[in-house]
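Letter by letter, the chains look like this.
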Amino acid sequence: MLLLLRALFQPLVRMLALRNLRADRFGAMAALLGVALGAATVNVVLILDVGTRAVEAKSFVTNPDLPVFTEQTVTLRGLRPDGQPTAAADAQEETHEDYEIMRSAIRLGSLSAFLVGALIVFFTFNVAVERRRREIALLRSAGALPPQVAAVFVLEALLLGVGGAALGLLASIPLAYLAAKAGITTTGRSRIPLHAIRLPWSAMLLVCGTGALTALLGVLRPVREALRVDIARALRPRFLEGGADQRRRMRGVMLLALPFMVLVYGLLRPFFRQSVPLFAFFVLEAGLVCAAFLAAIVFVPDVVARLGALAVRLAPRRWAAERLLLQRRVEHSGHELAWSVGGVMMVFALLLALHIATAALKQEVSTWAGRALTPYTFFYPNEPLGHAERMLPHLPERLVAARFSSRTPWPNVVYAVPGDELRALAEATGRPESIALSRRFGPGKAIVSTMMARRFDVGPGDQLEVGGRAGMRRFEVVGVTDDLGYVHASGAYRNLRTYAVIEAADFPVISPYALAIGHTVAVADPVTGAAAAAGGGPETPPWGELLAGVPRARDVRMQTGVEIEAVRRKATGRDFVIFDMILGFTTVLAAIGVANQMVLALHARRRELALQRVLGMTAGQVRRMVLMEGALVGTLGGALAVLLGVPLGSAALGALRTVSTFDVEFSIPPEYGVLTALGATAVALGASLYPARTAGRSNAAESVQYE
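Residues numbered from 1 in each chain as written. Predicted model: local features only at pLDDT ≥ 70, side-chain atom pairs only at ≥ 80, totals over all residues. Heavy atoms only, no water.

1. Comments concerning the overall build of the protein chain
Regarding its fold elements, the protein chain presents 26 helices and ten strands. Within the protein chain, the fraction of its 707 residues that count as buried is 51%. A sequence separation of at least 24 residues applies to 82% of the contacts in the protein chain between residues at least 6 apart. Carbon and sulfur atoms form 63% of the exposed surface of the protein chain, whose accessible area is close to 32,100 Å². (Helix = DSSP H or I, 4+ residues; strand = E, 2+ residues; numbered from the N terminus. Buried < 20%, exposed > 50% of the residue type's maximum accessible area, 1.4 Å probe, protein only. Contact = heavy atoms within 4.5 Å. Areas by Shrake-Rupley, 256 points an atom, 1.4 Å probe, with all protein chains shown as cover.)

Here it is as C-alpha cells:
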C-alpha cells in the first residue's frame, strides 16, 4: 500500500494516467458524469428534504415532532355499545406516517441514479483495464513494478471520482433551487421559498465522498486481475488468442436460492407485518424489494444471450448482412450487452412501477370523488369572516341545499348539519343507501367517514364520544360512509376525508370550536339525481348551466365536485413529480451508459469492423448495424422492464395498502406497457447515434495493421 501511494506522485504515472484519459475521452466523460449525476441526484433530494422539513416545522399539522394541541379542538373517543373503549389509532402518527414513508421512499428512489452511475463507472474501468492488458504487459516487461502499473489506473479513478463528485456537488445546488421554484418537495404538502433553502453540507459531502470512493472501488478488482496476467500470453498476436467464451455463468445453486428466498419471506411476511411497526415494516419491504431488484440483473446476461438472437430475426430482411452479423455477435458475445440492457431495464421498470402507483392513487381519488363529490357543488368561505349561507337566495329554485357548520380544528374534525336538510340533500342525489342513512340520522346520532371509522375502530351501532369546553356527549354511529355528509374546505386531502357529522340540535357540544350553521353549504340537483336513479343519466348535474346566474363573491368560494376532483388528481400527480425528476436523471444516466458501452465495444472490435469494411461492407451498413444493436438493447431492456415493472408496481401498491389508509387497487392501463417499451427503445436508439457515427468514420487500413 505504501509503494502504491508513493507511485501515485511519480511523473511517469501522472503522464500515463492523463494520456489514457485523453485517449479514451468518451469513456472518461461517461464515468465522470456517472459519478456527478448520481451524487447530484441524491444531494438534490437531501436539499429538498431539509427545506421541506424546515417549512413544515412551524405547525403541528405538518411537523411530526411537535405535540398536537388537543385543547384547540374537541376530544373524541370510540366506544362499543357496552361502553368499552375501542383501540383508536394515534392521530398524529396516523396522519404523518404516510408522509414519513413517502420521504423515505424518495430517498431510496434517489439511489437508483447513484446505482446506475456506479454501474457506468464499474463497466468503464472493467473494459478499459481489459483493453489495456497488452499495455500492462509491455510496462511490466519494461521493468515497471506492479504498484506503479496499478497506480496509473488508481490515479485515473481518483481524478474521475473526485472530479465527478465536485461537479455533482456544484450542480446539485442550482438544480435544487430550480426544483424548489417548480414547487417540488418531498411531501407534496407545501412549497419551499427560495430563501428557506438550507444546504446540509455534511450530508452532501458524505454523498460526494461515497461517489468518489465508488470510482476507486470500480478499478481495484480489474487492476488486481490485470496484474496477474501472463505477460508472454498477453503479448502474443491477437489472431493466436483463443476465442473461448470467458463469460461467468451463474451457478445453478444461485438460480435456486433466489426464488427460495422469495418463498421463505412470503411465508414469514404475515408475522413480520404483525410484530414490526408499520414504518419499520415499510423499510424492511423496501430493502428486500431493492435486493430482489438488483438480483434480477444477475439473470440479464442469460436472457440476452437466449432471446437476443431471436429478437434480431425481427429486423427487416433487406438488411440481411447487418442482421446476420448482429445475430452472430449476440450468440457469441451477448453477455457484453447485459450492462446496457440491465441499466435500461432497471430505469424503465422503476418508471413503470411509479406510474402504476400514481395511476392507482389517482383512481382512488376518482373512486372516492364519485361517491363524495360528483353530485354536489360546495360553497365555503374564502376568507376568515366569510359565510356561505348568504349565497342561498341566488341559487335556482330547483336546487336543494344543506347548511353545515364549520369544521372543528384538526385532528378531531366534527361539524353539524340540520337533519331535515341532510335528508333533502340525500333524496336529491337519488341514492337509496344515502336516503336510508339520512332517515336514521338525527339528534344524538352521528355519521362518520370511512377514514374516521378506521382511526377510531368504530362502525354502525358503536358510539362516538365528543367532549370539550361545552361538556361531553355520546353519539350513536348510524352509518360509515363517504357518500353523504362531506363538505369541502381548504386543507390536506387526508385530513379533509376524516370527519364526523352530527345533527344541528347537538351543535352546542362543538360550538366553542366551530362557527355557526350556514358557514358552508352543499348543493345538489334533484332532477339530475332522479334521472341517475332511474338509470337514464349521469350523476353530475349541468352545473355550468344551473349556476350561470349565481354571482361570484370575494369571500365565498364556489366549487363543483368535478372541479375538486380535478384539483385533487392534479395534486396527486404533483406529489410524485419528485420521483419523475429522480428517474429523469436516471434515464439520462442510462442513455450515457448505453452510449459508453457501445463506444467501448466498438473500440475493442475495431479490427473486426475494419475487416468487414475491407470485405465490402459500406460505412452505411456499419452504422446501421450499430443502430440495430442499440435498438436491440432498448427492445430487450423495455420488454424486461415491463415484466419486472408490473410486479414491482403491484408490490408498491401492496406496501401502500399496508402502511396507509388509502384503498388502492392494482390496475395497469394498457398503454403503459407499450409506452415503456417504446420509451426504452427510443432512449437506447438515441444513445447509439454517436457510436454509429463514430463507427462509420473508422479508418479500415489503420485498424487492420499488424500489432
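Once you've had a look at it, read on.
2. Focus on the pattern of salt bridges
A full pass over the atoms with the stated rule returns 14 salt bridges. A salt bridge links Arg 371 to Asp 482, with the shortest nitrogen-to-oxygen separation between them at 3.2 Å. Of the two residues, Arg 371 sits in helix α13 (residues 338-372) while Asp 482 sits in the loop between β7 (471-480) and α17 (493-496), which places them 111 residues apart along the sequence. For Arg 371, a relative accessible area of 30% translates into the label partly exposed. For Asp 482, a relative accessible area of 2% corresponds to the buried category. Between Asp 506 and Arg 473 there is a salt bridge whose closest N-O contact spans 2.4 Å. With Asp 506 in the loop between β8 (500-503) and β9 (520-524) and Arg 473 in strand β7, the pair connects residues that are 33 residues apart, well separated along the chain. Here Asp 506 falls in the buried class, since its relative accessible area comes to 2%. Because the salt bridges share partners, they merge into one network encompassing Arg 77, Glu 465 and Arg 474. (Salt bridge = Lys/Arg side-chain N within 4 Å of Asp/Glu carboxyl O.)

3. Examining the sheet that holds β9
Strand order in the open sheet made by the four strands is β3-β9-β2-β10, with antiparallel pairing throughout. Two strands close off the open sheet at either side, each with one partner strand: β3 (400-404) and β10 (556-560). The sheet shows a mean angle of 20 degrees between the axes of neighbouring strands, direction not considered. By the bridge criterion, four bridges tie strand β2 (residues 376-381) to β9 in an arrangement that is antiparallel. Paired with Phe 378 across the bridge in β9 is Ala 522. (Pairing = 2+ DSSP bridges. Axes fitted to C-alpha atoms, helices over the stretch in contact; angles between N-to-C directions.)

4. Some details on the packing of aromatic side chains
Ring pairs (aromatic) are described by centroid distance and by the angle formed between their planes. Using the criterion set out here, one finds seven aromatic pairs in the structure. Ring geometry for Tyr 376 and Phe 378: centres 6.0 Å apart, planes at 50 degrees, overall tilted. Residue classification places Tyr 376 among the buried residues on the basis of a relative accessible area of 2%. Residue classification places Phe 378 among the buried positions, given a relative accessible area of 0%. Judged by centre distance (5.8 Å) and plane angle (90 degrees), the ring pair of Phe 378 and Tyr 486 falls under edge-to-face. (Phe/Tyr/Trp six-rings, centres within 6.5 Å; stacked < 30°, edge-to-face > 60°.)

5. A closer look at a nonpolar patch on the surface
Nonpolar side chains collect at one region of the surface, where Phe 122, Leu 213, Leu 217, Leu 220 and Trp 339 lie side by side and expose about 430 Å² of accessible area between them. No other element matches the three residues that helix α7 (residues 201-227) contributes to the nonpolar patch. For Leu 220, a relative accessible area of 42% translates into the label partly exposed. (Patch = residues over 30% accessible without salt bridge, like charges linked within 9 Å, V, L, I, M, F, W, Y side chains within 5 Å.)

6. Some words on the environment of Phe 26
Along the chain, the position of Phe 26 falls in helix α3 (residues 25-56). Residues contacting Phe 26, with those up to four places away along its chain left out, are Ala 595, Asn 596, Val 599 and Tyr 690.

7. Description of unusual backbone geometry
Looking along the chain, the bond that leaves Trp 410 and enters Pro 411 is cis, with omega of 15 degrees. Secondary-structure assignment places Pro 411 in the loop between β3 and β4 (414-417). Of note, Asp 457 is a non-glycine position whose phi angle comes to about 55 degrees, a positive value. Looking at where Asp 457 falls in the secondary structure, it is placed in the loop between α16 (450-456) and β6 (463-468). We classify Asp 457 as partly exposed; its relative accessible area is 34%.

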